[in-house]
Amino acid sequence: MSLTFYTNPMSRGRIARWMLEETGADYETVVLDYASSMKGEAYLAVNPMGKVPAIVHNGHVVTECAAICAYLADAFPAAGLAPPATDRADYYRWMFFASGPTEQAVTNKSLGFAPTAEQGRMAGYGNYDLMVDVLEKAVSAHPYITGDTFTAADVYVGSQVAWGTQFGTLPKRDAFVDYVARLTEREAYRRGNAKDDALMPAQQPA
């Protein structure tokens, strides 16, 4: 079985790394540089967007973090990272809420754009405050986003919440802080984080 993971430690590739560690799968890591190899012909043949992460599994390319999480959960069912097919409503709902409304609202706010009430009717997320309130209710309803069991949806949603509260793009509400604390205790999270930290550029002395 062949699985190649393209990433940069200072990117959303950390989400895919965590997910890969949760599966227990063997994989090869290819670290790309933003200024050169990420925009080179070899990688653009994998992902024409010139963005990371991407995985190639048995010849099949998967990009976009939510898609990678969902794909890997199905590709490695023994890891138990996806609910049964008949019980995936919340799994799909919140994974794609995080990749759609949450991602859009956070990006727009970071870029200084706040939709008017009229524009909010067109935007999938309505407005930033609405998105935050809905996300807070979702992560506080159960220990994990789909209930009592950790799934691949928690990898994606949890990463969004963890980064948001760390970098100030989401408020540090108690429900967010508690949710992140549960997830970051996981061995796979810590293992993946350590692997990415080891790839970070060395800090130059001041």
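For the structure itself, look to the data block above.
Residues numbered from 1 in each chain as written. Predicted model: local features only at pLDDT ≥ 70, side-chain atom pairs only at ≥ 80, totals over all residues. Heavy atoms only, no water.

(A) Summary view of the nonpolar core. In this structure, Met95, Met131, Leu135 and Val157 are the most contacted members of the largest nonpolar core, which totals 51 residues. If you list the elements that add at least two residues to this core, you get β1 (3-7), α1 (13-23), α3 (65-75), α4 (89-110), α6 (128-140), α7 (152-167) and α8 (174-183). Beyond its immediate sequence surroundings of up to four residues, Val157 is in contact with Trp94, Met95, Ala98, Leu135, Val139, Ile145 and Tyr179. One finds Tyr6, Met38, Tyr43 and Val46 within the second-largest nonpolar core, a separate group that totals 8 residues. (Core = buried A, V, L, I, M, F, W, Y, C linked by side-chain atoms within 4.5 Å. Buried < 20%, exposed > 50% of the residue type's maximum accessible area, 1.4 Å probe, protein only. Helix = DSSP H or I, 4+ residues; strand = E, 2+ residues; numbered from the N terminus. Contact = heavy atoms within 4.5 Å.)

(B) Fine view of helix α9 (residues 187-198). With 12 residues, α9 extends 17 Å from end C-alpha to end C-alpha; this agrees with the ideal 16 Å at 1.5 Å per step. Those residues of α9 not exposed but buried are Ala188, Gly192 and Asp196. Seen end-on, α9 carries its buried residues on one side only, within an arc spanning 65°. α9 presents Glu187 and Ala198 as exposed residues on the side facing more than 90 degrees away from its buried surface. Structurally, α9 contributes buried residues whose contacts are with α1. (Expected span 1.5 Å × (residues − 1). Arc of directions from axis to C-beta.)

(C) Seen up close, the packing of α1 against α9. Between α1 and α9, the shortest axis-to-axis distance is 8 Å and the interhelical angle comes to 130°. Regarding the angle of α1 to α9, the classification is oblique. Crossing handedness for the pair α1 and α9: right-handed. Facing Arg14, Arg17, Trp18, Glu21 and Glu22 of α1, the residues of α9 in contact are Ala188, Tyr189, Arg191, Gly192, Asn193, Lys195, Asp196 and Asp197. Here the contact of α1 with α9 is built from residues that sort into 3 nonpolar, 2 polar and 8 charged. (Axes fitted to C-alpha atoms, helices over the stretch in contact; angles between N-to-C directions. Parallel < 35°, antiparallel > 145°, perpendicular 65-115°, else oblique. Left-handed = near helix turned anticlockwise from the far one by under 90°. Nonpolar A, V, L, I, M, F, W, Y, C, P; charged D, E, K, R; others polar.)

(D) Unusual backbone geometry, seen in detail. In this model, Val52 is joined to Pro53 through a cis peptide bond whose omega is 5°. With respect to the element layout, Pro53 can be found in the loop between α2 (41-44) and β3 (54-57). The backbone of Asn58 sits at a positive phi, close to 50°, despite the residue not being glycine. Structurally, Asn58 is set in the loop between β3 and β4 (60-63). Classification of Asn58 by relative accessible area gives partly exposed; the value is 43%. In the Ramachandran plot, Glu64 falls in the positive-phi region, its phi being about 70° despite a non-glycine side chain.

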